[in-house]
Each structure stands twice: as structure tokens, then as C-alpha cells.
Number of protein chains: 2
Amino acid sequence: MEFDINSNISFIQERINDLEKITEKENPYTRLVFSKEFYDGRSWLRDQYTSLDLSISTDEVGNLIGLLKTNKKNKQLVIIGSHIDTVPSGGRYDGIAGVVSALCVINHIKKNDIDLPFNLAVYDYLGEELNDWGTSCIGSRGLAGVINEEILSRKNTAGLVLKEEIDKIGGNSKLLNKPLPVIKNILACLELHIEQGKVLEDRKIEIGVVRSIPSISRFSVTVKGQAGHSGTILMNQRSDALVTASEIISFVNKSALKLSQKSNQHFVATIGKINVHPNSAAIIPGFVEMTIDLRATSQNSKEEFLNILNKKISLLNDTSSCNVKIKDLAFAPYVEMDKDLIYLFQKSANSLGLSNTIMDSGAGHDTAQLSRVVPAGMIFIPCKDGLSHCPEEYAKVSDISKGTAVLWEMVQNLARKKIEADI
Amino acid sequence: MEFDINSNISFIQERINDLEKITEKENPYTRLVFSKEFYDGRSWLRDQYTSLDLSISTDEVGNLIGLLKTNKKNKQLVIIGSHIDTVPSGGRYDGIAGVVSALCVINHIKKNDIDLPFNLAVYDYLGEELNDWGTSCIGSRGLAGVINEEILSRKNTAGLVLKEEIDKIGGNSKLLNKPLPVIKNILACLELHIEQGKVLEDRKIEIGVVRSIPSISRFSVTVKGQAGHSGTILMNQRSDALVTASEIISFVNKSALKLSQKSNQHFVATIGKINVHPNSAAIIPGFVEMTIDLRATSQNSKEEFLNILNKKISLLNDTSSCNVKIKDLAFAPYVEMDKDLIYLFQKSANSLGLSNTIMDSGAGHDTAQLSRVVPAGMIFIPCKDGLSHCPEEYAKVSDISKGTAVLWEMVQNLARKKIEADI
């Protein structure tokens, strides 16, 4: 049954519009995992599942699932999933485009009364974005069995324990010490996502088929100085934690720039979050905590960076009057997508006449977690100016619809393969 | 009537202990102006005034006054005042020691049934510390008639308008366009304060008689970059507002250190407050706002500093992809204390056999504002390690009691002078 790219635009646009309105009002577009807005978004998604006549469930890690059951005697499962949570002041497409396109595929199947040879599920993976617990991809990590007790027991700044929040939303955090049982039935996990970079836009390509996702490492850097009165403590008597932190911020930026140019590979390092204590104009900062976010396709580049950073920190501890510490917060390894799925995605795009290219992802994704235990693959669609994780994030709905057509083509290709295999 | 330094220690200690408990519980010692804790502190102070049988009033700018009236036909007024508000995570002595010592002087007068030839008032000057409205010394500026409509109309981050808060606490902000009428009756404003520096402690001196207070200038620096995904925006494509802000933080520190050494005068510059937007680990910072706090006894040094800072900002605007702006937030001029009061403070300390020295203040004070329109003078008492504006701030109660004895001696000297003048 052919998927009409143009006639599905309004289905997609309406749902993007709906979710856009479910945000912290003063801080668009913000729907942080476990926030009131997130619960509201999930309630909206349940209504969507209901109107598509899907079986609704929440799994052990809190993923919200809408299941379309096959009439065949088959327990195998294809997942199309992404996430509806956002970063603070994030966008309207990151994650959301993937969930809405999954709904659109189901709608197409329902309208055309198609019976697939496997179960097909829409997944809203819980909390893909980095959150106040210092972790990301909660739902996909839990599904893949790579979330651990240390992470589950973390408290956020409001004192809430991650595993208690998972249980509140309908999960069962006691059962997260291994991959979830459903894993053994999964035939493929598919995801559509905006690129969040400029490659497709610059090269005017409609579909990016993802080959790999770089490793993501996060580190906490703390700088302990001595708070004091900004008027009375002389310049040469100070242990100003923010001044030392600034040296680190400059150093991280310069070193990452150098490495990214040298290796000609994907290498980025960012200090996006900084908390200064007590953060008052008339007080010398006594304590600073920052997060370094590091992404690399090359393990060598990563090691070289950490090497020079640790040397710099040793030097600061020897020469400044502040004490600097660095510790690991989170890590997601470099992963490659399933080769068969990469081939099938290309074949699907080609059969629709859509221009496409194989590419590496700059960002981490749920699919990276899932690819550690099941066949997983994903496609990118273009977005404006590479902007993402900010209110200006924008993707054309017609581009999302093209990607949705590829997803549907992909489901059909998997169905054909399944039927062939079953004969 | 002689003031017994030892027997007044418990009076002072009890009141320091009382105020110490009125704090944001999770963030000692915090009693921000207009906060619930501040209202609680004022309620405690009203009880103190009541138990000393003082007439209680709130003036037009919201200063809380406890008045001891003379039986003589005289409207002239001597004020002993300081403040009970604190900075975030501030201390137990800054301002508080001055208010408690004033109560102690009144208690001594009451116990000994002394009638003075002038009215004597305890003032809790409203909001001495720098606040979320970007101003300080609200009460003393208002009293001196040097607060303006622009400041009064400012909103804090919670959207509260300063003048509305002044009216809520009992003031009448419409009448703040000139010095308050009481000014014409003021004979002297006196203040006891902890030094907040290390001069007295290092030199083992009991009393510092303040000669001058440096100018204080505050500037807001904003850096506009472009928020974006920390994984997908390449290092050479970034407009990272925090990286540019870091250059400014380092530059301000280095330049101020150089100037302070060069001029051998009091010169300090601090960036104590920084807000990063959106402040999330996976997002390149798109916007940073910081406050520079600058204190100088030399106008030349201040001008030289602003000159090189403005050049640096121009350079950053030309060479970085961020846009940097600086604007004035607040200013308090360099002031000298009343020469007669300096002489009388020295005479008072000498007559009690307390070691003393003339010195400049590192910090700004209400007395600096008042000295612009009335005779004003202040003394410092030692504090531990020069620490202030932090929880570790500490002063010996015996040292506060010594300073209180000087205040009482000062009141007697003023009374003698007054009687002599009236004969």
C-alpha cells in the first residue's frame, strides 16, 4: 500500500503542534522527563494510542508502548520509537518527529487495514535527554539492560531518586538488572530523527542513513576555592573558584578545537552546565561545579584529550590556590548500526526515489543503546541550520513525511523478509 | 555611667544566637531582604525594641526604627544603625553585630536610667547587601535621598518591583525623591561593623576608626552566542557564550591583580555572579549574564581598568562570534567619614584604653551613603581570617562588646559636646 507523502503532512503537523503546546510556558519548549509537562505529554500520547486502537502498556523501565498486534501467530516485534522529552528550552522536533512519524505509520496501516507478519510497536523511550540525574536514554538503557543500580539510586537536585520516579510512572525498577524479556522477540528497532547537524541541509540530501554513533562521555569537574567579601579580600589573597573554572573552560574549548582539526574526525567537547556557589555579585565564588560533555568517534583522540586535561588539572592544583577534581559521570560507547538494516534503509529510500547518504551521527540516541543487544537502525532527516536543543530548532514537516515514508517502506521490507524466512 | 565590657557579653551573644536561627534552613546564614526570613528577623527586632521600651516606627524607605526619646525639649537625633539582612550563605556578624551593639547601648542607658540631651535611635537600615534588584544600601540611600526612580522601578528575577516591596514593608516609596525630613535633625550617624578584612586581626588592634570607603561600581556584562546541540555542532562552527565569558572572567581577574599591585591602593574587581542559559550539559551555552563588582579608592585606577576592559570587549566583538555588551548597574562614590567624628571615635577608644587605628574600608556600608548628607562615622572590630559574606564569618563577642563600649563612650562624648554647645 503506497504511502502518500503529501497527504500525511497534516497528520504530522497537527501532532507536532499539539506537543508544542505542552511546555513550561515561560521556557519553551521544555518538557523535562518526570515533570508535570512530561506527564501531560504522556497523557496526550495515550490518547493518540487509544484513537489508533493500540494496546497501551508501560514496561519495567517506564517506556510507554502502543502495540499493534498481528493476527498471525507470531510474537516477534518491530519497534519504531523515539522520545517526547526535551532538554530545557529545547526544540519541537528532537525525538518528537520520531514518535509522530511512528504514529503516522500506524495510522497508514490502520487506514489500509494491513495485517503484518509481526507485532509493531510505537515506543516513547523514557527520558532520552540528559537530565538532572546526570544520565540520559533511561528507557533504552533499561530495555537493553545497561542501566545500573548506582544510576538508579541517584538523587536529582530536588532530592528525587531516579528509580522511585521510574516506579511512579508505571515501571518496576527492581527488574532492571538485566535486559527486559521482550528483547528476545525484537526483530528490529527503527528510529527517525532530525539530524541536529548541517550535513543533509548543506548537501541537499533527503535521508541520512546512520552508520555509527560516537562515544559520549560526561565528567563532573569541581573547583573548590574560598568564598569571601568581594570588597575586602585583596586580589592576591583570593581563591576564586570561578577564575580557576574559567581557565578550564577555555582550555577544554581550545584543546577540543585543536583535536577536531587534527584528527579530521568527529570530536567535540562542551561545558554546557556550570553551577557557581554562592553566585552573588558581592561574594568571591567559593565553589564551582561543571559538566564536560565529550563525543568522539576515535578512542585515541578521546584518550589524548583526557590526558592533556588531567595534566592541566594537576598543574592548576599545584599552581592555583583552588582544588580541582574530575570524575566520571556517564559513558555510552561508540556503536555501529546493524549492517542489514543500513542496507534495507538505503534500499527503502532508493525505491521511493529519495536522495540519501550514509553518515555518522553527531548526537547520541536511544538506538545507540539498543544496538548493543538487538538489530537497530536509524535515519536522519534535515533540520534548519543544524540548530537543535534550542527553541529555534526546526524541520520541515514535508521532510518528516518523506522520512516516514522510508519507515513504512522499511516495515514492508522487513515484512517481506520475514515472510520469505518463514516459508 | 561606665559600660562593663565583660558583663555585656551575654546580652550580645544571646541576640547573635537568636538571629543566627532566623535563616534559610538549607542555606545558612541567609536572610535576604524582603524574604520570609527577613520579615521574621524584623519581627524579632520589633520584640527587642518593645522589650527596651522604644517607640517603634518604619520610615518612608522601610528602615525599622526603635526610638529612645529625650526628656529634654530637643528634636536632635543620634542614630546607631546597621542591618540585619545578609547575602546568600552569608554570615552571622556582618551588619548584625552593629544592630545588636546598638541594642546593647540602649539597654545600658535604660538600666542606668540615663537621660540624654538628644533622641537616640536604633536603625535597621533596609537591605544593605547587594540584592536581586542589582542595588544595595536601600535604606541608607533612601534616607540620604540618593535612590532614584529607575532603581525603585526595577523588577527582580521573580518579577517583584522594588518600590512595591518597600511599600509592603511599611515604607512610602512616593516620598523618596529627596532626603527624608528627619535628616535635618540628625546630629550624627554611628555604626559598628566587623572589618571583613585582616588588618585588625593581623596587627592585633581592637578598634579600627574608618577614614574612607572606596567607590563601588557594578556592571552587567552580557554575552550572546548561539545555543545548539553539544554533539552535532562542530568545534569551529560554535558561538559558545560561556567560552567567551570565560575569557572575560580571566581578563578581569588578571587586570585587577595587576592594577592593585601597581597602584598600591585598594583596588579589587570580582565576577561573583554568572547566569548561563540554558545551563544544560548537552547544550552549547547561548547566553551568559555576569556582574562585575569593582571597588577603588583611586578614580584613575578605575578609569584605567574600564578603559582596558572596554578595549577587550571590542576585541571580542570583532574576533569572536559572540556579542558582548557591558552596562552600568549601580554606583556609590568614594566618601570620607566626618573628621570630627573620626577624632571623637579615637578619643573614645583611647579613654577606654583600647588599641585603635585609622583605616580605609574595603567594603561599602550604609554609613558611606549617609556621610553624603549628614555627619557620619564608623568603627570596625576584628573578624577571623578576614572572612565575610560566607558561613565561616566569625567575630569574638568580646570584641563586639569592646566596640559597643566605644559606641557608648561616643554617645557620651556627643552628649557632652551638645550640652557644652547649648550652654
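In this text, all values refer to a predicted model and were calculated from it rather than measured experimentally. (Residues numbered from 1 in each chain as written. Chains lettered and ligands numbered in written order. Predicted model: local features only at pLDDT ≥ 70, side-chain atom pairs only at ≥ 80, totals over all residues. Heavy atoms only, no water.)

## Details of the relation of the copies chain A and chain B
Phase 1 of the analysis: Rotating chain A by 180 degrees and translating it 0.0 Å along the rotation axis places it on chain B, where the RMSD comes to 0.1 Å. Each copy turns onto its partner about a two-fold axis. Residues of chain A ranked by C-alpha distance from the rotation axis are headed by A:Ser246, positioned 2.3 Å from it. (Least-squares fit on C-alpha atoms with pLDDT ≥ 70 in both.)

## So, the sheet that holds strand β11 (residues 287-296) of chain A
Residues and elements named next belong to chain A.
Phase 1 of the analysis: Reading across from one edge, β9-β11-β7-β12 is the order of the four strands in this open sheet, with antiparallel pairing throughout. Each edge of the sheet is formed by a strand with only one pairing partner; in this case those strands are β9 (267-277) and β12 (323-332). Neighbour-to-neighbour, the strand axes of this sheet turn through a mean angle of 20 degrees, independent of strand direction.
Phase 2 of the analysis: The pairing of strand β7 (residues 215-224) with β11 spans 10 bridges and is classified as antiparallel. Bridge assignment links Ser220 to a residue of β11, and that residue is Thr291.
Phase 3 of the analysis: Packed on one face of the sheet, helix α9 (residues 299-319) meets β7, β9, β11 and β12 and runs near 160 degrees to β12. (Pairing = 2+ DSSP bridges. Helix = DSSP H or I, 4+ residues; strand = E, 2+ residues; numbered from the N terminus. Axes fitted to C-alpha atoms, helices over the stretch in contact; angles between N-to-C directions. Contact = heavy atoms within 4.5 Å.)

## Digging into the pattern of salt bridges
Side chains that differ in charge, positive against negative, can pair when their charged atoms come close.
Phase 1 of the analysis: With the rule as written, the count across this model stands at 38 salt bridges over all chains.
Phase 2 of the analysis: Between A:Arg42 and A:Asp124 there is a salt bridge, with its nearest N and O atoms 2.8 Å apart. Of this pair, A:Arg42 sits in helix α2 (residues 36-51) while A:Asp124 is found in strand β4 (residues 119-124), placing the two residues 82 residues apart along the sequence. For the pair A:Arg42 and A:Asp124, a shared accessibility class is recorded, and that class is buried.
Phase 3 of the analysis: Put simply, B:Arg218 and B:Asp293 hold a salt bridge, and the shortest N to O gap is 2.7 Å. Here the residue B:Arg218 occupies a position in strand β7 (residues 215-224), and B:Asp293 occupies one in strand β11 (residues 287-296), the gap between them amounting to 75 residues. Taken as a pair, B:Arg218 and B:Asp293 share a single burial class, namely buried.
Phase 4 of the analysis: Several salt bridges converge on common partners, so that one network encompasses A:Glu206, A:Asp399 and A:Lys402. (Salt bridge = Lys/Arg side-chain N within 4 Å of Asp/Glu carboxyl O. Buried < 20%, exposed > 50% of the residue type's maximum accessible area, 1.4 Å probe, protein only.)

## Considering unusual backbone geometry
Phase 1 of the analysis: In this chain, A:Pro28 is followed by A:Tyr29 through a cis amide linkage whose omega measures -5 degrees.
Phase 2 of the analysis: Mapped onto the elements, A:Tyr29 comes out in the loop between α1 (9-21) and α2.
Phase 3 of the analysis: Backbone geometry places B:Lys204, a non-glycine residue, at a positive phi of 50 degrees.
Phase 4 of the analysis: One can find B:Lys204 in the loop between α7 (199-203) and β6 (207-213).
Phase 5 of the analysis: Its relative accessible area of 71% is what places B:Lys204 among the exposed residues.

## Some details on helix α12 (residues 397-422) of chain B
Phase 1 of the analysis: The end-to-end C-alpha distance of α12(B), which contains 26 residues, comes to 37 Å, matching closely the 38 Å that a straight helix rising 1.5 Å per residue would cover.
Phase 2 of the analysis: Where burial is concerned, most of α12(B) is hidden: 19 out of the 26 residues are buried. (Expected span 1.5 Å × (residues − 1).)

## Examining the interface of chain A and chain B
Phase 1 of the analysis: Taken residue by residue, the interface counts 64 residues in chain A and 64 residues in chain B.
Phase 2 of the analysis: Interface area for chain A against chain B, summed over the two sides, is near 5000 Å², with a carbon-plus-sulfur share of 62%.
Phase 3 of the analysis: Ranking the residues of chain A by area buried against chain B places A:His229, A:Met235 and A:Ala281 at the top, with a combined share of 13%.
Phase 4 of the analysis: Counting across the chain A and chain B interface gives zero salt bridges.
Phase 5 of the analysis: Elements supplying a minimum of two residues to the side of chain A that touches chain B: β8 (228-229), α8 (241-263), β9, β10 (283-284) and β11 of chain A.
Phase 6 of the analysis: In terms of residues, the side of chain A that touches chain B owes the most to one element, β9(A), which gives 11 residues.
Phase 7 of the analysis: A per-class count over the side of chain A that touches chain B returns 27 nonpolar, 28 polar and nine charged. (Buried area = accessible area lost by both parts, 1.4 Å probe. Nonpolar A, V, L, I, M, F, W, Y, C, P; charged D, E, K, R; others polar.)

## Some thoughts on the sheet that holds strand β9 (residues 267-277) of chain B
What links the strands of a sheet is backbone hydrogen bonding, and the strands pair in either a parallel or an antiparallel sense.
Residue and element names in this part refer to chain B.
Phase 1 of the analysis: Read from one edge to the other, the open sheet built from four strands follows the order β9-β11-β7-β12, with strand pairing classed as antiparallel. With one partner strand each, in any of the chains shown, β9 and β12 (323-332) form the two edges of the open sheet. Strand-to-strand, the axes of this sheet are offset by a mean angle of 20 degrees, without reference to chain direction.
Phase 2 of the analysis: One ladder, built from nine bridges, connects β7 with β12; its direction is antiparallel. Bridging across to β12, Ser217 finds its partner in Phe331.

## Quick look at the packing of aromatic side chains
Phase 1 of the analysis: Using the criterion set out here, one finds eight aromatic pairs over all chains in the structure.
Phase 2 of the analysis: With centroids separated by 5.5 Å and ring planes inclined at 40 degrees, the aromatic side chains of B:Tyr123 and B:Tyr125 adopt a geometry described as tilted. Residues B:Tyr123 and B:Tyr125 agree in their burial class; the two are buried.
Phase 3 of the analysis: One residue, A:Arg15, lies across the ring of A:Phe11, its end atom 3.5 Å from the ring centre. (Phe/Tyr/Trp six-rings, centres within 6.5 Å; stacked < 30°, edge-to-face > 60°. Lys NZ or Arg CZ within 6 Å of the ring centre and 35° of its normal.)

## Considering the nonpolar core
Within soluble globular proteins, side chains that are nonpolar generally end up buried alongside one another.
Phase 1 of the analysis: If you look at the biggest cluster of nonpolar residues, it comprises 96 residues, and the most contacted ones within it are B:Phe34, B:Leu120 and B:Leu190.
Phase 2 of the analysis: In this structure, B:Phe34 is in contact with B:Tyr39, B:Leu126, B:Trp133, B:Ile138, B:Leu162, B:Glu165, B:Ile166 and B:Ile169, ignoring residues within four places of it in sequence.
Phase 3 of the analysis: Among the nonpolar cores identified, the runner-up in size contains 95 residues, and A:Leu64, A:Leu103, A:Leu126 and A:Leu192 belong to it. (Core = buried A, V, L, I, M, F, W, Y, C linked by side-chain atoms within 4.5 Å.)

## What about the confidence of the model for chain A?
Phase 1 of the analysis: For chain A, per-residue confidence averages 95 on the pLDDT scale, and 99% of positions sit at 70 or higher.
Phase 2 of the analysis: ipTM for the predicted complex: 0.74, alongside a pTM of 0.74. (pLDDT = per-residue confidence, 0-100.)

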